[in-house]
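Here is how the chains run, residue by residue.
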Amino acid sequence: MENLAIVGLQWGDEGKGKLVDFLTDRYDAVVRYNGGSNAGHTVVFARRRHTFHLVPSGALKGGRLIIGAGVALDPEVLSEELGLLKGQGVKVNLLVDGRCTLVSPLEKHLDALIEEARGSSALGTTRRGIGPSYAMRAFRLAPRAVDLFSDFDMNATRKFCAMLGVSSPGLDTWIAGARRVLKGRLGDAGAAVREVNEGGGGVLFEGSQGTLLDLLHGSYPFVTSSHTLASYIPASLGIPNSRVGRVVGVTKCYATRVGGGPFPSEIKGRLGERLREAGNEYGATTGRPRRVGWLDFVALKYSIGLNDAHEIAVTKVDVLSKFKEFKVCVAYSIDGSETTNFQQSLAHLGRAEPIYETPFSLYDTGFGSRSSPKLRELIDFLEESLRVRVRLVSYGEERSKTIEL
Ligand code: IMP
Ligand code: MG
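In every chain, residue numbers begin from 1 and rise along the written sequence. Written order determines the labels here, with chains lettered from A and ligands numbered from 1. Given that the model is predicted, a residue must reach a pLDDT of at least 70 before its local features are reported, and side-chain atom pairs must reach 80 or more before they are shown or counted; all residues, however, enter totals for whole chains, interfaces and linings. The side-chain figures draw on all heavy atoms in the structure; neither hydrogens nor water molecules are used.

Draft legend 1. Examining the overall build of the protein chain more closely. Check the secondary structure of the protein chain and you find 13 helices and 20 strands. Taking 2.2 N^0.38 as the reference for a compact globule, 405 residues should give roughly 22 Å; the C-alpha atoms of the protein chain span a radius of gyration of 21 Å, in line with that estimate. Based on the C-alpha atoms only, the size of the protein chain along its principal axes is roughly 65 × 50 × 40 Å. The contact rule is simple, with two residues in contact once any of their heavy atoms fall within 4.5 Å. Taking contacts inside the protein chain between residues at least 6 apart in sequence as the whole, the part at least 24 apart equals 75%. To be clear on the numbers: accessible area is Shrake-Rupley with a 1.4 Å probe, and residue cover counts the displayed protein chains and nothing else. Just so you have it, the protein chain exposes about 16900 Å², and 49% of that area is on carbon and sulfur atoms. The charged-residue count follows a simple rule in which Lys and Arg add positive charge and Asp and Glu add negative charge, with His and chain termini not counted at all. In plain terms, the charge of a residue is placed at NZ if it is Lys, CZ if Arg, CG if Asp and CD if Glu. Of the charged side chains in the protein chain, 51 are positive and 45 negative; the average position of the first set lies 3 Å away from that of the second. For the purposes of this entry, the term helix denotes a DSSP run of H or I that reaches at least four residues, the term strand denotes a run of E that reaches at least two, and both are numbered from the N terminus. Put simply, the radius of gyration uses C-alpha atoms, and a globule should come to 2.2 Å times the residue count raised to 0.38.

This is the structure we're talking about:
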């Protein structure tokens with residue numbers, strides 16, 4: 001059976017968690033490969049809202065869960081999530097790669113300090129210590145999960161942090177807690193994926209954040225500190241490229257972004273507020289109001305290309321059925337010239353004025369069935385404009401409100 005990757009095509013919060021939950025029982029394992037507890041994956045089941053930060057979103061269906069080496073792992077958050085799931089009677093079968101970089105209180109302090117240093121140009125990070133943790137990994141100062149059980153020397157790490165004015169008196173308690181949560185769960189994520197595949201099964205790779213937040217290919221420096229593209233899956237897990245399988249890119253039928261950075265198709269004012277309320281666009285990790293905007297084909301085509309995502313899932317179509325307006329940004333005007341290229345330069349992207357098309361209204365549309373003519377029109381429009389196949393449509397939070405095509 002072929003593996004499947006679910007990746008975000010925008011700035012995160014596309015609804016990946018819901019789709020992973022929907023698809024989970026066809027696969028033998030769900031695998032996280034990037035980011036850390038900055039992610040907030042919301043799954044609504046039986047009218048209950050579950051938010052996962054580290055545990056893969058397949059958890060509610062009881063399947064096998066794997067966290068790969070490329071994840072920044074905060075053991076305190078993991079412990080909390082496992083506790084919550086246990087309290088709900090959910091049995092968790094989780095394997096964590098021993099090579100995962102750990103996030104300690106030191107990195108969370110550093111995250112806050114760096115944001116403070118940026119002042120008015122702060123990135124608006126989730127303050128979960130993600131950037132500093134990957135940086136400490138690159139400095140070779142971060143302990144990995146497996147190092148908790150051997151002799152990793154934390155002295156240089158402590159000294160370096162002290163030089164930066166960051167101390168963490170509770171570090172020994174933190175280490176003891178981290179050992180407790182990780183004991184008996186460590187292993188080799190890549191080997192586990194290969195084992196599933198060799199037994200004829202398939203795995204679901206669950207992306208976190210979105211393509212436009214990728215450290216190298218996103219709107220730097222307003223990005224996260226890991227790689228969000230499907231091409232990071234083999235590197236993170238230690239598996240061959242050929243194991244990535246099919247890639248399904250996920251996009252809302254509008255756009256959102258949390259935190260700072262350029263957002264050419266942003267909708268400000270009253271309409272923006274209405275859309276935020278209608279879509280309940282508040283960060284699952286930080287509770288911050290998300291910025292909202294129209295669908296941006298320039299950005300989407302860029303993301304589709306980067307991931308080779310010729311199959312897509314479109315989410316939240318029900319939200320736009322409350323609006324008479326439906327606009328799509330088809331090009332940018334920058335200093336008087338028109339372009340359909342997503343810009344490398346932050347200044348150019350910041351000055352990009354959206355050029356809109358108004359294809360049709362999605363107002364008052366019953367999206368609940370695949371035979372809805374308006375849904376067909378929307379799908380045809382997206383497939384033609386983006387040269388993709390629409391495979392899944394989500395028209396509500398509940399698992400049942402999903403159409404497969
Ligand atoms: P960091 O990942 O906490 O360092 O934050 C860097 C940027 O990425 C900020 O703009 C965050 O709001 C954004 N970000 C990080 N994780 C997510 C996510 O899961 N969804 C949406 N935005 C995110
Ligand atoms: Mg989210």
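Draft legend 2. Spatial organisation of empty space enclosed by the protein. The definitions used throughout rest on a 1 Å grid laid over the protein atoms alone, on which a cavity is an enclosed set of points accommodating a 1.4 Å probe that cannot get out and a pocket is an open set flanked by protein within 12 Å on both sides along at least five of seven lines; lining residues are those having an atom within 4 Å of a point. Grid points are joined across faces, edges and corners, and a volume is the space filled by probe spheres set on the points. As enumerated under the stated definition, the model contains one cavity of 30 Å³ or more in all. In this model, the largest cavity occupies a volume close to 30 Å³. Taken together, Gln10, Trp11, Leu212, Ala255, Asp296, Ala299 and Leu300 make up the full set of residues lining the largest cavity.

Draft legend 3. Geometry of helix H10 (residues 297-307). Think of it in three bands: residues with accessible area under 20% of the maximum for their type are buried, residues over 50% are exposed, and the middle band is partly exposed, with areas taken using a 1.4 Å probe on protein chains only. Listing the buried residues of H10 in full gives Phe297, Val298, Ala299, Leu300, Ser303, Ile304 and Asn307. Just beyond H10, the residue with positive phi is Asp308, at close to 55 degrees.

Draft legend 4. Here's a closer look at the side chain of Glu311. Mapped onto the fold, Glu311 is located in strand E15 (residues 311-315). Judged by its relative accessible area of 13%, Glu311 falls in the buried class. Polar contacts, as counted here, are pairs of nitrogen or oxygen atoms within 3.5 Å of one another; within protein the pair requires one atom able to donate a hydrogen and one able to accept it, and residues that are adjacent in sequence qualify only if both atoms are side-chain atoms. Here Arg246 takes part through its side chain, which lies 2.9 Å from a polar atom of the side chain of Glu311. Setting aside its immediate chain neighbours within four residues, Glu311 contacts Arg246, Val247, Val248, Gly249, Arg389 and Arg391.

Draft legend 5. Local environment of the coordination of the magnesium ion (ligand 2). Only Asp13 (OD) and Gly40 (O) from the protein reach the magnesium ion (ligand 2) as donors, at distances of 2.1 to 2.4 Å. Remark: Gly40 occurs in the loop between strand E2 (29-32) and strand E3 (41-45) and Asp13 occurs in the loop between strand E1 (4-8) and helix H1 (16-23); sequence separation between them is 27 residues. Its relative accessible area of 23% is what places Asp13 among the partly exposed residues. For Na, K and Ca the donor cutoff is 3.2 Å, while for all other metals N, O and S atoms count as donors only within 2.8 Å; water does not appear among the atoms, so some sites may look incomplete.

Draft legend 6. Representation of the packing of aromatic side chains within the structure. Between the rings of Phe, Tyr and Trp (Trp by its six-membered ring), a pair exists once the centres lie within 6.5 Å; its type follows the angle of the planes, with under 30 degrees stacked, over 60 edge-to-face, and the other angles tilted. By the definition in use, this model includes six aromatic pairs. Relative to Phe381, the ring of Phe297 lies with its centre 5.7 Å away and its plane at 35 degrees, an arrangement referred to as tilted. Taken as a pair, Phe297 in helix H10 and Phe381 in helix H13 (residues 373-386) lie far apart in primary sequence, 84 residues in all. Phe381 shares its class with Phe297; the two are buried.

Draft legend 7. Summary view of the site of ligand 1. It suffices for a single heavy atom of a residue to lie within 4 Å of a molecule or strand for the residue to be listed as near it. The local shell around ligand 1 holds 16 residues, among which Asp13, Asn38, Thr126, Thr224 and Arg288 are the closest. In this structure, Val258 approaches ligand 1 through a main-chain N or O atom, which is 3.0 Å from an oxygen atom. Expressed as a share of its isolated accessible area of 470 Å², the protein-covered part of ligand 1 is 96%. Residues are grouped as follows: Ala, Val, Leu, Ile, Met, Phe, Trp, Tyr, Cys and Pro are nonpolar; Asp, Glu, Lys and Arg are charged; every other residue, Gly included, is polar. The residue inventory of the shell around ligand 1, partitioned by class, reads six nonpolar, eight polar and two charged.

Draft legend 8. Region of the structure containing the packing of H10 against H13. Helix axes are fitted to C-alpha atoms over the stretch in contact, other axes to C-alpha atoms as well, and angles between N-to-C directions run from 0 to 180 degrees. Here H10 crosses H13 at 65 degrees, and the two axes come no closer than 11 Å. Judged by the inter-axis angle, H10 sits roughly perpendicular to H13. In this structure, H10 meets H13 at a crossing whose hand is right-handed. Residues Phe297, Leu300, Lys301 and Ile304 of H10 form the contact with H13, whose own contacting residues are Phe381, Leu382, Ser385 and Leu386. Looking at the contact of H10 with H13 residue by residue, the class counts come to six nonpolar, one polar and one charged. These descriptions rest on fixed angle ranges, namely under 35 degrees for roughly parallel, over 145 for roughly antiparallel, 65 to 115 for roughly perpendicular, and the rest for oblique. Two helices cross in a left-handed way if the nearer one is turned anticlockwise from the farther one by less than a right angle. They cross in a right-handed way if the turn is clockwise.

Draft legend 9. Structural view of the packing of helix H2 (residues 75-87) against helix H6 (residues 171-182). Where H2 contacts H6, the two axes come as close as 9 Å, and the packing angle between them is 45 degrees. It follows from the interaxial angle that H2 and H6 lie oblique. As H2 packs across H6, the resulting crossing turns out to be left-handed. Residue-level contacts link Pro75, Glu76, Leu78, Ser79 and Leu82 of H2 to Trp174, Ala178, Val181 and Leu182 of H6. Tallied by class, the residues present in the contact of H2 with H6 amount to seven nonpolar, one polar and one charged.

Draft legend 10. Region of interest: the sheet that holds strand E7 (residues 93-97). Should DSSP find at least two bridges between two strands, the strands are regarded as paired. The strand order across the open sheet built from 10 strands is E9-E7-E5-E2-E10-E1-E11-E15-E19-E20, with neighbouring strands paired in mixed fashion. With one partner strand each, in any of the chains shown, strand E9 (186-187) and strand E20 (402-404) form the two edges of the open sheet. Bridge analysis of strand E5 (residues 64-67) against E7 gives four bridges, and the strand direction is parallel. Bridged to Arg64 within E7 is Asn93. Of the strands in this sheet, E2, E5, E7, E9 and strand E10 (203-206) touch helix H7 (residues 189-198), which is tilted by about 145 degrees from E5. Here H13 sits on the sheet and contacts E15, strand E19 (389-394) and E20; the angle it forms with E19, its principal contact strand, is near 140 degrees.

Draft legend 11. Main features of the pattern of salt bridges. Definition used for salt bridges: Asp or Glu carboxyl oxygen within 4 Å of a side-chain nitrogen of Lys or Arg. The final tally for this structure, using the stated rule, is 24 salt bridges. Put simply, Glu281 and Arg290 hold a salt bridge, and the shortest N to O gap is 2.7 Å. Side by side, Glu281 and Arg290 carry an identical accessibility label, which is buried. Residue Lys374 pairs with Glu377 through a salt bridge whose shortest N-O separation is 3.5 Å. Separated by three residues within a single helix, Lys374 and Glu377 lie in helix H13, roughly one turn from each other. Looking at Lys374, the relative accessible area reads 22%, which means it is partly exposed.

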